[in-house]
Amino acid sequence: MRIWVLGTGSSGNSLLVEADGTRLLIEAGIGPKNASARMRMLGGDLRGVDGIVVTHHHGDHAGQLEPMCKALGAPRAGSSLPAMVHLHDGVGVERVRHRFAVRRHRAGESFEVGALRVRTVPVVHDAPHVALAIQSKTHTFGFVTDVGTVTAPLVELLTSCNTVMMESNFCPQLLELGPYPRSLRRRIAGHLGHLSNGQAAALAGTIARHAASKIFLCHLSQVNNEPARALAMVRDRAPRAQVEVLPHGRARVIDLAP
């Protein structure tokens, strides 16, 4: 399995999962021009995408879904061709639903895209949201960001994965001392917001004890966190896992062995 990370963070999230002859785009928070340029920089391209999945409708995850559908040639609504776009019922992207063929699913359901099986569970956030486990013949990759509250179904999903990419969004001290207004600080740190480094470390420690051998920390705040802080805290709680930080907005290729 190969993961093409095109961007992670509040400036835009997108990654391409490639395995068993299937290419699945996760998130559409980066426009097609930037995504294509980053793929070329990494030695690849965006041709032959079989499906698009977004986890929720916030702009940094789904704000570029419509232009991405156009650029990738997603079948139009009413077409006899199979839908490329896979959306759970809570994703509020009505223009996309009206203009393109959409395969609907409920949060908590599983579905197939080519040779890949995609399992979802609801995530507690201030928008209808899901976490993903993407299973190929040899590997299961878990992806979750924007977690307000860690739940048992989320833990169960992530402990079924060999590799997990998860948020470690903020340091409470930096958030409290930072420039954000109090209302926004409360939203970020609240039960519908994001994971702090400590919360991410606790979750990473749990999943590393069960299965995940690699954990990639993503969606770090540029203002309210520092990669070294997140990395140190998570490594301390998950010493059995290989833990890395994905810097904000930086493209990268990750090859996952069986």
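(A) Representation of the sheet that holds strand β5 (residues 85–88). Overall, mixed pairing links the seven strands, which are arranged β6-β5-β4-β3-β2-β1-β14 in an open sheet. Each edge of the open sheet carries a strand with a single partner, namely β6 (102–105) and β14 (252–255). Strand-to-strand twist of the sheet, defined as the mean angle between neighbouring strand axes without regard to direction, takes the value 20°. Two elements, strand β2 (residues 14–19) and strand β3 (residues 22–26), share five bridges in a ladder whose sense is antiparallel. In the strand pairing of β3, E18 is matched with R23. Along the sheet, helix α1 (residues 32–41) contacts β1 (2–7), β2 and β3; its crossing angle with β1, the most-contacted strand, is approximately 130°. Contacts between helix α3 (residues 65–72) and the sheet are confined to β3, β4 (51–53) and β5, with β4 contributing the most and set at about 175° to the helix.

(B) Here's a closer look at the environment of I134. Position of I134 among the secondary structure elements: in strand β9 (residues 129–135). Along the backbone, I134 and L24 are 110 residues apart, and their C-alpha atoms lie at a distance of 9.4 Å.

(C) A look at the environment of M233. Relative to the elements of secondary structure, M233 occurs in helix α9 (residues 227–237). Residues contacting M233, with those up to four places away along its chain left out, are N197, G198 and A201.

(D) Inspection of the sheet that holds strand β13 (residues 242–245) at higher detail. Taken together, seven strands build an open sheet; the order of strands is β7-β8-β9-β10-β11-β12-β13 and the sheet is mixed. The strands lining the two open edges of the sheet, one partner per strand, are β7 (110–113) and β13. Neighbour to neighbour, the strand axes of the sheet diverge by 20° on average, direction disregarded. Both β7 and strand β8 (residues 116–123) contribute to a ladder of four bridges, which runs antiparallel.

(E) Examining the pattern of salt bridges more closely. Under the criterion given, the structure shown has 17 salt bridges. Of the charged contacts, one joins R23 and D45 as a salt bridge, the two residues approaching to 3.8 Å between their closest N and O atoms. Residue R23 is located in strand β3, and its partner D45 is located in the loop between α1 and β4; the two are separated by 22 residues in the primary sequence. Exposure remark for D45: the relative accessible area of 26% places this residue in the partly exposed category. The residue E109 makes a salt bridge to R106 at a minimum N-O spacing of 3.6 Å. Each of the salt bridges in this network shares a partner with another, and the network as a whole consists of E18, R23, D45 and R47.

Reading the values: the criteria
- Residues numbered from 1 in each chain as written.
- Predicted model: local features only at pLDDT ≥ 70, side-chain atom pairs only at ≥ 80, totals over all residues.
- Heavy atoms only, no water.
- Pairing = 2+ DSSP bridges.
- Helix = DSSP H or I, 4+ residues; strand = E, 2+ residues; numbered from the N terminus.
- Axes fitted to C-alpha atoms, helices over the stretch in contact; angles between N-to-C directions.
- Contact = heavy atoms within 4.5 Å.
- Salt bridge = Lys/Arg side-chain N within 4 Å of Asp/Glu carboxyl O.
- Buried < 20%, exposed > 50% of the residue type's maximum accessible area, 1.4 Å probe, protein only.

By themselves, these observations are geometric and do not establish any function.
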